[in-house]
Structures are given as C-alpha cells and as structure tokens.
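# Structural overview
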Amino acid sequence: LYNLGMLANPYFEGLLVDTISNPETSLQQFLFLILIFVLTILLVQVFRAIKRYLVRRFNNNTVTTIRKTLYNNLMNESLLQLQNENMGQLLTRLQSDCFQTCEGLRKLTTEIFDTVFLFLFYIMYLCFYSVKMTLFALIPVFFAILFAFLMRKKIYQANVAAKKANARLSNETYSLFEHALLFRLYSRDEENLRRYDDVLKDYEKKNVRSELLSEMYVPISNVISLLGLLPIIYLGSAAVIDSASFSLSVPYVMNGNWTIGALTTYVTTFVLLSSKASHTANLFSSIEKGLSSWKRIKPYIK
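As the structure is a prediction and not an experimental result, all values here were calculated from the model. (Residues numbered from 1 in each chain as written. Predicted model: local features only at pLDDT ≥ 70, side-chain atom pairs only at ≥ 80, totals over all residues. Heavy atoms only, no water.)

Okay, helix α2 (residues 8–21) next. Taking 1.5 Å as the rise per residue, α2 with 14 residues should run 20 Å; its terminal C-alpha atoms sit 20 Å apart, in good agreement. For α2, the set of buried residues is A8, P10, F12, G14, L15, L16, D18 and T19. (Helix = DSSP H or I, 4+ residues; strand = E, 2+ residues; numbered from the N terminus. Expected span 1.5 Å × (residues − 1). Buried < 20%, exposed > 50% of the residue type's maximum accessible area, 1.4 Å probe, protein only.)

The next point concerns the packing of aromatic side chains. For the structure on display, the rule yields five aromatic pairs. With a centroid separation of 5.4 Å and 75° between ring planes, the pair formed by Y125 and Y129 is classed as edge-to-face. Separated by four residues within a single helix, Y125 and Y129 lie in helix α5 (residues 87–129), roughly one turn from each other. When the ring of Y129 is compared with that of Y266, the centres are 6.1 Å apart and the planes differ by 70°; the resulting orientation is edge-to-face. Taken together, the residues Y129 in helix α5 and Y266 in helix α10 (residues 260–297) connect sequence positions 137 residues apart. The class of Y129 is buried, set by a relative accessible area of 3%. Since its relative accessible area comes to 0%, Y266 is described here as buried. Through a chain of ring-to-ring contacts, three or more aromatic side chains come together here, namely Y11, F12 and F37. (Phe/Tyr/Trp six-rings, centres within 6.5 Å; stacked < 30°, edge-to-face > 60°.)

For the structure on display, the rule yields four salt bridges. For R106, the salt bridge is made with E103, and the minimal N-O distance between the two is 2.7 Å. Pair noted here: R106 and E103 are both in helix α5, with a separation of three residues, about one helical turn. Note on accessibility: R106 and E103 belong to one class, buried. With a closest N to O distance of 3.1 Å, R195 and E172 form a salt bridge. Of this pair, R195 sits in helix α8 (residues 189–226) while E172 sits in helix α6 (residues 131–178); the two residues are 23 residues apart in sequence, bridging distant segments of the chain. When its relative accessible area of 13% is taken as the criterion, E172 is described as buried. (Salt bridge = Lys/Arg side-chain N within 4 Å of Asp/Glu carboxyl O.)

What follows covers the side chain of S225. Among the structural elements, S225 can be located in helix α8. Taking the relative accessible area as the measure of exposure, S225 reaches 0% and is therefore buried. Within the structure, S225 has its side chain in polar contact with the backbone oxygen of S274 (distance 3.3 Å). With residues up to four places along the chain from it excluded, the contact list for S225 reads P140, V141, A144, F270, S274 and A277. (Polar contact = N/O pair within 3.5 Å; in protein donor to acceptor, adjacent residues only side chain to side chain. Contact = heavy atoms within 4.5 Å.)

For the rest of this paragraph, the subject is the confidence of the model for the chain. Chain-level statistics for the chain give a pLDDT mean of 80 and a share of 90% at 70 or above. Mean pLDDT across the secondary structure elements of the chain bottoms out at helix α4 (residues 79–83), with 71, and peaks at helix α3 (residues 27–75), with 88. Per-residue pLDDT stays below 50 along residues 244–255; that stretch engages in 27 contacts with residues further than four places along the chain or on separate chains. (pLDDT = per-residue confidence, 0-100.)

Structural data, given as structure tokens:
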C-alpha cells in the first residue's frame, strides 16, 4: 500500500499544475484538490510508519536472537576451547558481524518492496504516458544498475579486509589491557604501542576504503540514471508543444494530449525511479556485507 501510494505524489503534482493553468478552475475546486492531495499523502505516510516499525522490530528481534545464541554457546564452552579462540575475532563477531548480518537481512527485506516492486510500479506508470519515451529514458537506468551489480564484488572484498583488520585491532587492544603490567615489567610497552599504532593505521586505511566503495557508487549510479532526463526533456517538450487541447484525464496521453502537468508528473516519476535505481547499489552493498559477516558468525551458531 505504501509503495503503490508513492505514485500519488507525482500524479497530484501534475494535476495541480494543470488545475492552476486552467482559467475555468474555481477556487473551491482548487482547494478541494489540495485537500485530497494532503489526505492521500498523510495516508501513505501512515502506511510508511507501520512498515518501518515492523521491519525494524523484525531486525531487533533477529539481532537479539543471534547474539543470545552466540553468548549462550560461549558460556557453555570449556575453558580449553575458549583459550584456543582469537579474542579479537570473537569480539568482532559478537558485536559488528551480528549487526551487519541482520542489517543485510533488513535491507534485503525492505528493498524487495521499496526498490523492486516500486521500480516496477514506476515503469508501468511511465509506460501509460509514453512507451517510446520510457524505453529511451530507461537505457541509462539499466547501465546504472549494471554498474552497481559489477561493483558488488569489490565491496565484498574490501569489507572482508576491513573485518579482518578490525579483528586484529580488537585482539591487540585486548592484549594490551590484559598484559599491560607484564609488558611494562620487561620494558616492552613502548614497542607494543608502536605496533598497535601500525595496526590502528592499517584498520583506518582498510575501513575508509570499504566505506568509500560502499558510499561513492550510490551517487555515481544516480548520476548515470539521471541521464535519462535528456530524452524526456526533448521528447516531452515536443509532445507538450504539439498538444492541441487541454485535458485533466489520466493518463493524459489516452486522449492523445500532453500538458505541462503531464510532463511534470512524468519527470517527477522518472526522478523517483532513477533514485530507486541508485538504491540498488545500497541493496547489493548491504547484501555483500551481510554475507561476509554471516560466514564469520555461522560456525558459532549451533
């Protein structure tokens, strides 16, 4: 209901533009249209609030369940088994990896609706206006999604490297605290601090690279997909100029007429579509992060 309701915003925007342009429109008609617009958007936001609440509750329950399982398994291990564990990797898995795994699940669940379904709704809606224009405009969108798909492996590799660096840093931190007196007694504290600084710099470098790859290709995908505005501006402007009569019917082109409002609706819908296309980058990124984290905690879930 929320995703279908998202189409109301561009539709009413175009309708308002045409209503204002029409000299025969009365003030009462205009105010009534605004009232319907506001009530529709409020209803859509209610659906959105319910959706976000339920998805986050699902995420919290999953994180809690996985962490309880991991801690319970650790509490029931023998001292000998715990001594063989790498403390840095164990801490990273209990904290960061649990969160990333569940975040990947949440993103996948959310984006199936917020990206895939909504993407299809937008395409069908645009085709009502003009199939030819929509096909031309979707070419850059296709390349944006392809770019996001091809980048997913690099993000996965960078994320795995960052996790390993994080585990090493946690291990060094734990070791410095646990053996602080011993290191100082044998005058090894300064040398260990220098080594710790090198580990910290390595973690910073790999973490920055992982975050940079995860974040930079979202705006790049958005820029590529927005190139689809070029054929829309050219073909849409020509359609408005050639339109012989004024109409408020939907879809406008069913009567063979294009108005400024129709073009406004079409452009707004396409911008929302291109935004959703760039969100596929987030989807691939979150899934790859979640999978890399899941592989690290899977052996501890019994």
